[in-house]
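# Breakdown of the fold
Now for the letters of each chain:
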Amino acid sequence: MKTAVIGAGNMGSAIAVALRNADTDIRVSNPSQPKLDRIRSHRPGIHTTNSNREAADGADIIILAVKPWVMPAVIEELRDELQNARAIVSVAAGIEPADLAGLVGSDKPAYFYLIPNTAVAVGEGMTFYCTQGADEKIEKIITDMLSGTGKLIHVTPREMTAGMAVASCGMAYAMRYIRAAAQGGVELGLRPSTATAAVAQTLRGAAALLESRGSHPEEEIDRVTTPGGVTIKGLNAMEAAGFSAAVVAGIKASRP
Ligand SMILES: NC(=O)c1ccc[n+]([C@@H]2O[C@H](COP(=O)([O-])OP(=O)(O)OC[C@H]3O[C@@H](n4cnc5c(N)ncnc54)[C@H](OP(=O)(O)O)[C@@H]3O)[C@@H](O)[C@H]2O)c1
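Since the structure is predicted, the reported quantities are computational estimates derived from the model, not experimental observations.

Now for the overall build of the protein. Secondary structure summary: the protein contains twelve helices and eight strands in total. Dimensions of the protein, computed from the C-alpha atoms along their principal axes, are close to 70 × 40 × 30 Å. Within the protein, the fraction of its 256 residues that count as buried is 38%. Of the contacts formed within the protein by residues at least 6 apart in sequence, a portion of 56% connects residues at least 24 apart. A total accessible area of about 14100 Å² is found for the protein, and carbon and sulfur atoms account for 57% of it. Of the charged side chains in the protein, 25 are positive and 26 negative; the average position of the first set lies 6 Å away from that of the second.

Let us look at the site of the ligand. With respect to spatial proximity, 23 residues lie near the ligand, and among them M11, N30, S32, K35 and V66 are the closest. Measuring from an oxygen atom of the ligand, one finds a side-chain N or O atom of N30 at 2.8 Å. At 2.6 Å from an oxygen atom of the ligand is found a main-chain nitrogen or oxygen belonging to V66. Protein chains shield 77% of the accessible area of the ligand, which is 900 Å² for the free molecule. Its residues assigned to classes, the shell around the ligand comprises 13 nonpolar, eight polar and two charged.

With that settled, the discussion passes to the domain arrangement of the protein. Per the domain assignment, the segments of the protein are domain 1 (2–154) and domain 2 (169–253). Using only C-alpha atoms to locate each centre, domain 1 and domain 2 end up separated by 35 Å.

Of the pairings in the sheet, the one linking strand β7 (residues 125–132) to strand β8 (residues 150–154) comprises five bridges and is parallel in character. Pairing of M126 across the sheet is with K151, part of β8. A crossover links β7 with its parallel partner β8, the connecting element being helix α7 (residues 136–146), and its sense is right-handed.

Let us look at the packing of aromatic side chains. Inspection of every chain in the model, using the stated rule, returns two aromatic pairs. Ring geometry for F112 versus Y129: centroids 6.3 Å apart, planes at 35°, classification tilted. In this pair, F112 sits in strand β6 (residues 110–115) while Y129 sits in strand β7, placing the two residues 17 residues apart along the sequence. Its relative accessible area of 5% is what places Y129 among the buried residues. Ring centres 6.4 Å apart and planes at 70° place the aromatic pair Y177 and F243 in the edge-to-face group. With Y177 in helix α8 (residues 160–187) and F243 in helix α12 (residues 243–253), the pair connects residues that are 66 residues apart, well separated along the chain.

Read from one edge to the other, the open sheet built from eight strands follows the order β3-β2-β1-β4-β5-β6-β7-β8, with strand pairing classed as mixed. Each having just a single partner strand, β3 (47–49) and β8 make up the two edges of the open sheet. Mean inter-strand twist for the sheet, computed between neighbouring axes without regard to direction, equals 20°. Both strand β1 (residues 2–6) and strand β2 (residues 25–29) contribute to a ladder of five bridges, which runs parallel. The residue of β2 that forms the bridge with I6 is S29. Most of the contacts of α8 go to β7, to which it runs at about 165°, and overall it touches β6 and β7.

Turning our attention to the environment of V199. With respect to the secondary-structure elements, V199 resides in helix α9 (residues 192–213). With 52 residues separating them in the primary sequence, V199 and S147 have C-alpha atoms 27 Å apart. The contact partners of V199, leaving out residues within four places of it in the chain, are Y177, I178, A181 and A182.

Remark: α8 packs on α12, axes separated minimally by 10 Å, with the N-to-C direction vectors making an angle of 140°. In terms of orientation, α8 lies oblique with respect to α12. Between α8 and α12 lies a crossing whose hand is right-handed. Mapping the contact onto sequence places A165, V166, Y173 and Y177 in α8 and F243, G250 and I251 in α12. Here the residues of the contact of α8 with α12 are counted per class, giving six nonpolar, one polar and no charged.

If you walk through the whole model with that rule in mind, you get seven salt bridges. Its salt-bridge partner being K151, residue E211 comes within 3.1 Å of it at the nearest N-O pair. Separated by 60 residues along the polypeptide, E211 in helix α9 and K151 in strand β8 bring together distant segments of the chain. When its relative accessible area of 57% is taken as the criterion, E211 is described as exposed. Between E220 and R223 there is a salt bridge whose closest N-O contact spans 3.1 Å. Within this pair, E220 and its partner R223 are both found in helix α10 (residues 217–224), separated by three residues, close to a single helical turn. Judged by relative accessible area, which is 52%, R223 ranks as exposed.

Rules of the game
- Residues numbered from 1 in each chain as written.
- Predicted model: local features only at pLDDT ≥ 70, side-chain atom pairs only at ≥ 80, totals over all residues.
- Heavy atoms only, no water.
- Helix = DSSP H or I, 4+ residues; strand = E, 2+ residues; numbered from the N terminus.
- Buried < 20%, exposed > 50% of the residue type's maximum accessible area, 1.4 Å probe, protein only.
- Contact = heavy atoms within 4.5 Å.
- Areas by Shrake-Rupley, 256 points an atom, 1.4 Å probe, with all protein chains shown as cover.
- Lys, Arg positive; Asp, Glu negative; His and termini not counted.
- Charge placed at Lys NZ, Arg CZ, Asp CG, Glu CD.
- Near = heavy atom within 4 Å.
- Polar contact = N/O pair within 3.5 Å; in protein donor to acceptor, adjacent residues only side chain to side chain.
- Nonpolar A, V, L, I, M, F, W, Y, C, P; charged D, E, K, R; others polar.
- Domains from an automatic or database assignment.
- Pairing = 2+ DSSP bridges.
- Right-handed = clockwise from strand over helix to strand, strands pointing away.
- Phe/Tyr/Trp six-rings, centres within 6.5 Å; stacked < 30°, edge-to-face > 60°.
- Axes fitted to C-alpha atoms, helices over the stretch in contact; angles between N-to-C directions.
- Parallel < 35°, antiparallel > 145°, perpendicular 65-115°, else oblique.
- Left-handed = near helix turned anticlockwise from the far one by under 90°.
- Salt bridge = Lys/Arg side-chain N within 4 Å of Asp/Glu carboxyl O.

This is the structure in structure tokens:
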């Protein structure tokens, strides 16, 4: 199985390094060399090149990880290789499988449109994806290959925007919460590095509790809000300042 990754930026390099497929031949192309050198320092077995055509030549799976406005030129350059591939995986925001099939000019390959978030770089990503022309077999090959990047959820094209808002843009929103909570901790006397590490670990713990118990967030909140205690005072102060309304408004504003 030959896999090509076109573009070795944040997404392309994270995906290339995380790809799981013991018997795959992975090739990555990028115009500038330092990004390719960085990939090879993480995973020496990967073949890197400055030529997209060399990377894509004979590839069964082609992963397109360039900016959306670069995509038409890359597709034009690789039209033959793309038309002969078994699957085309694109992470370019806003280019849906039907658009991609139109640009490539063929319905033959299976199309995968992915919206990952930046945590794919540490194997803890949250990726939403939708497909066109993909059967169960090729979908399993692609999801197994990408399983090292974190979690993947298959949704309809209509749901991709919401997925992007909560998980991809959501990375920035989670970081803003971490920064704000740490600022509060510093005002109460913690060192900034201690406060930031503690808030990050608290979020990790909150996520682990929800996942392991399958509980609703409100159930977990009930466990820490003693009647008349300090947590409910803190929560009510946050809500009075518009916390939930601000988050919902932010998510809803994250539409292209
Ligand atoms: N970052 C996110 O959170 C995120 C989330 C979801 C989806 N995405 C999508 O992922 C895609 C890549 O984003 P990114 O953040 O990884 O961007 P990035 O870091 O700028 O990476 C893009 C890469 O494409 C390379 N490139 C430019 N022209 C090329 C060409 N003609 N052929 C091959 N490679 C070329 C660039 O190389 P040089 O720098 O050497 O020119 C760069 O390494 C975008 O379409 C974006 O919509 C990103």
